[in-house]
Amino acid sequence: MKQSMMFIPTLKEAPKDAETLSHKLLIRAGLGKQVAAGIYSYLPLGYKVLKKIENIIREELDKIDCSELLLPALCPADLWKESDRWDQYGPELMRLKDRKNRDFCLGPTHEEVITYVVRDYLNSYKKLPLAVYQIQTKFRDEMRPRFALMRGREFSMKDLYSFHENAECLDRWYQVVWETYKKIFTRCGLKVKVVNSDTGQIGGKEAHEFMVMSEVGEDDISYCTDCDYASNIEFSNLIEGNKCPKCNGTIKVAKGIEVGNIFKLGTKYSDSMNAKFLDRDGKSKSVIMGCYGLGVSRTLMAVIEQHSNENSIVWPKELKPFDLHIICVDSKKKEQLETAEKIYAKFKTKYDCLYDDRIERAGVKFKDADLIGIPYRIIVGKDVENCQIEVKDIKNNQVDKINVDQIENEIDILLKRNE
Ligand code: ATP
Ligand code: MG
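Residues numbered from 1 in each chain as written. Chains lettered and ligands numbered in written order. Predicted model: local features only at pLDDT ≥ 70, side-chain atom pairs only at ≥ 80, totals over all residues. Heavy atoms only, no water.

Draft legend 1. Molecular detail of the environment of alanine 369. Take alanine 369: it is sitting in helix 11 (residues 362-372). Measuring from C-alpha to C-alpha, the distance between alanine 369 and leucine 354 comes to 10.0 Å, with 15 residues separating the pair along the chain. Look past the residues within four positions of alanine 369 in its chain and what remains in contact with it is His325, Ile327, Ile374 and Arg377. (Helix = DSSP H or I, 4+ residues; strand = E, 2+ residues; numbered from the N terminus. Contact = heavy atoms within 4.5 Å.)

Below you can see the structure in the form of structure tokens.
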């Protein structure tokens, strides 16, 4: 992709309301732009990374036989009345009316819709278990939208729902999804703690949250320094210095960003919405459900928060927006331009390349390159006169001078080594 053709509106300064590193960099690196409070556009570079996160989620969920579907964002109030959440949900629910004055909401979550969609099909134990998910835009009129996509009023979520004939089957699934979540977050370059949590709004029996430890998180987590015990402080009441209930180790308290959560819903929705199946004895029973949310756009923010320094994002391997950044230092100089064009033509068939062909000052190009943080940079500058090109490895801040004839070989080795 030619950088002159790509819409990457980088900024020298972050907007005044941007308090967190990830918020500042989201805007400064031209990944996203606010349109209204808590409502953002994903710009090409940010959208590219978001899609990479989505694809990691898809790959891992496909491995455990979850199938992807897409439910409507616009949901009829009737279904929400069946579960009684039309009244319970409160002002966070974005409500609207159609031309016939019928009530709708913009889905903040989809337990009702999915229960409606599968309930006729799930008439027998033979159809169970079943697990379906979607990656979709959710709407919540949050009281305090904050930190850009971290707490948006419109945001991207992956929501998975599972259906079972008995509690044992749900328990097994819960564990499988738990492990899968760990894999997804690891591939996204995030370290997570799994914490005990309440079931909150959704209601059910057991729930856990996946937390990225960070000062900008909104949850207080008590965790053990010696074992894997961790709990949301709201429910554990453990404070700094207390003894760990699991291993007697020492408890610490720190902030966490909730990037995902898993719930054993039980029969809350199948009871209220009449999702029944015939079990092995021919008896009619309510389907047992689990639901599993993952904040896709919040994950993007958590990644930036954890992987950046003041003026640059250092992307985890699987989320880099491009493999290679080819920079022509002075696009007005014929020799530099020709060499850069040749290198771009050669590599673009093999790697995902961003080629900075813009007529801009070198300083501007390098500052933008730092912000965007593509892991490897090929810099075609003055030294082409001596057949030399620079290759920079961003993570190690290492620059090598390479002969033009050697460039293909060197890059192949470098990228292969770090695959
Ligand atoms: P929170 O406590 O942060 O409000 P929640 O418990 O309301 O989260 P869920 O309804 O379980 O969240 O949604 C599943 C996931 O969606 C969350 O774990 C989080 O990662 C993400 N999420 C929830 N609300 C938002 C939001 N307003 N903006 C961005 N992501 C969100
Ligand atoms: Mg919430």
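Text resumes after the structure shown.
Draft legend 2. Expanded view of the packing of helix 2 (residues 44-63) against helix 6 (residues 167-187). As a packed pair, helix 2 and helix 6 sit with axes 10 Å apart at the nearest point and diverge in direction by 150°. As the angle between them shows, helix 2 and helix 6 are arranged roughly antiparallel. Viewed along their axes, helix 2 and helix 6 form a crossing whose handedness is right-handed. On helix 6, the residues that touch Ile56, Ile57, Glu59, Glu60 and Leu61 of helix 2 are Thr180, Lys183, Ile184 and Arg187. Split into classes, the residues belonging to the contact of helix 2 with helix 6 amount to 4 nonpolar, 1 polar and 4 charged. (Axes fitted to C-alpha atoms, helices over the stretch in contact; angles between N-to-C directions. Parallel < 35°, antiparallel > 145°, perpendicular 65-115°, else oblique. Left-handed = near helix turned anticlockwise from the far one by under 90°. Nonpolar A, V, L, I, M, F, W, Y, C, P; charged D, E, K, R; others polar.)

Draft legend 3. Representation of the packing of aromatic side chains within the structure. The final tally for this structure, using the stated rule, is 9 aromatic pairs. Taking the centre distance of 5.6 Å and the plane angle of 80° together, the rings of tryptophan 80 and tyrosine 89 count as edge-to-face. Here tryptophan 80 matches tyrosine 89 in class, with each residue buried. Ring pairs connect the aromatic residues Tyr174, Trp178, Tyr181, Phe185 and Phe210, which therefore count as one cluster. One cation-aromatic arrangement involves arginine 95 over tryptophan 86; the distance from NZ or CZ to the ring centre is 4.8 Å. (Phe/Tyr/Trp six-rings, centres within 6.5 Å; stacked < 30°, edge-to-face > 60°. Buried < 20%, exposed > 50% of the residue type's maximum accessible area, 1.4 Å probe, protein only. Lys NZ or Arg CZ within 6 Å of the ring centre and 35° of its normal.)

Draft legend 4. Broad picture of the pairing of strand 11 (residues 219-224). Within strand 11, 5 of the 6 residues are buried, which leaves it mostly tucked inside the rest of the structure. Note that strand 11 and strand 13 (residues 251-266) share 6 bridges and pair antiparallel. Counted as the bridge partner of serine 222 is valine 253 from strand 13. Between strand 11 and strand 12 (residues 230-232), which pair antiparallel and follow one another directly, the connecting turn spans 5 residues. (Pairing = 2+ DSSP bridges.)

Draft legend 5. Fine view of the sheet that holds strand 21 (residues 376-380). The strand order across the open sheet built from 5 strands is 20-19-21-22-23, with neighbouring strands paired in mixed fashion. Bordering the open sheet on either side are strand 20 (353-356) and strand 23 (398-403), each of which pairs with just one other strand. Going from strand to strand, the sheet's axes swing by 20° on average, the running direction of each strand aside. On top of the sheet, helix 10 (residues 334-347) reaches strand 19 (324-328), strand 20, strand 21 and strand 22 (388-393); it is set at about 160° to strand 19, its chief contact.

Draft legend 6. Seen up close, unusual backbone geometry. Here the bond from leucine 128 into proline 129 is cis, since omega is -5°, no more than 30 degrees from zero. If you trace the backbone, proline 129 turns up in the loop between helix 5 (111-119) and strand 7 (130-139). Of note in the backbone geometry, cysteine 387 takes a positive phi value of approximately 60° without being a glycine. Residue position: cysteine 387 is located in the loop between strand 21 and strand 22. Its relative accessible area of 39% is what places cysteine 387 among the partly exposed residues.

Draft legend 7. Structural detail: the site of ligand 1. Residues in close proximity to ligand 1 total 14 residues, the closest being Arg140, Glu142, Arg151, Glu258 and Asn261. In this structure, arginine 298 approaches ligand 1 through a side-chain N or O atom, which is 2.9 Å from an oxygen atom. In the complex, the protein chains occlude 85% of the 580 Å² of accessible area that ligand 1 would expose alone. Residue assignment for the shell around ligand 1 shows that the elements contributing at least two residues are strand 8 (154-164) and strand 13. Of the residues forming the shell around ligand 1, the biggest block, 4 residues, is contributed by strand 13. By residue class, the composition of the shell around ligand 1 is 5 nonpolar, 4 polar and 5 charged. (Near = heavy atom within 4 Å. Polar contact = N/O pair within 3.5 Å; in protein donor to acceptor, adjacent residues only side chain to side chain. Areas by Shrake-Rupley, 256 points an atom, 1.4 Å probe, with all protein chains shown as cover.)

Draft legend 8. Summary view of the side chain of glutamate 258. Structurally, glutamate 258 can be placed in strand 13. Put simply, glutamate 258 is tucked away with no salt bridge, and the nearest opposite charge, on arginine 298, sits 5.1 Å away. A polar atom in the side chain of glutamate 258 sits 2.7 Å from the side chain of asparagine 261. Residues in contact with glutamate 258, not counting those within four places in the same chain, are Glu209, Phe210, Met211, Asp219 and Arg298. (Lys, Arg positive; Asp, Glu negative; His and termini not counted. Salt bridge = Lys/Arg side-chain N within 4 Å of Asp/Glu carboxyl O.)

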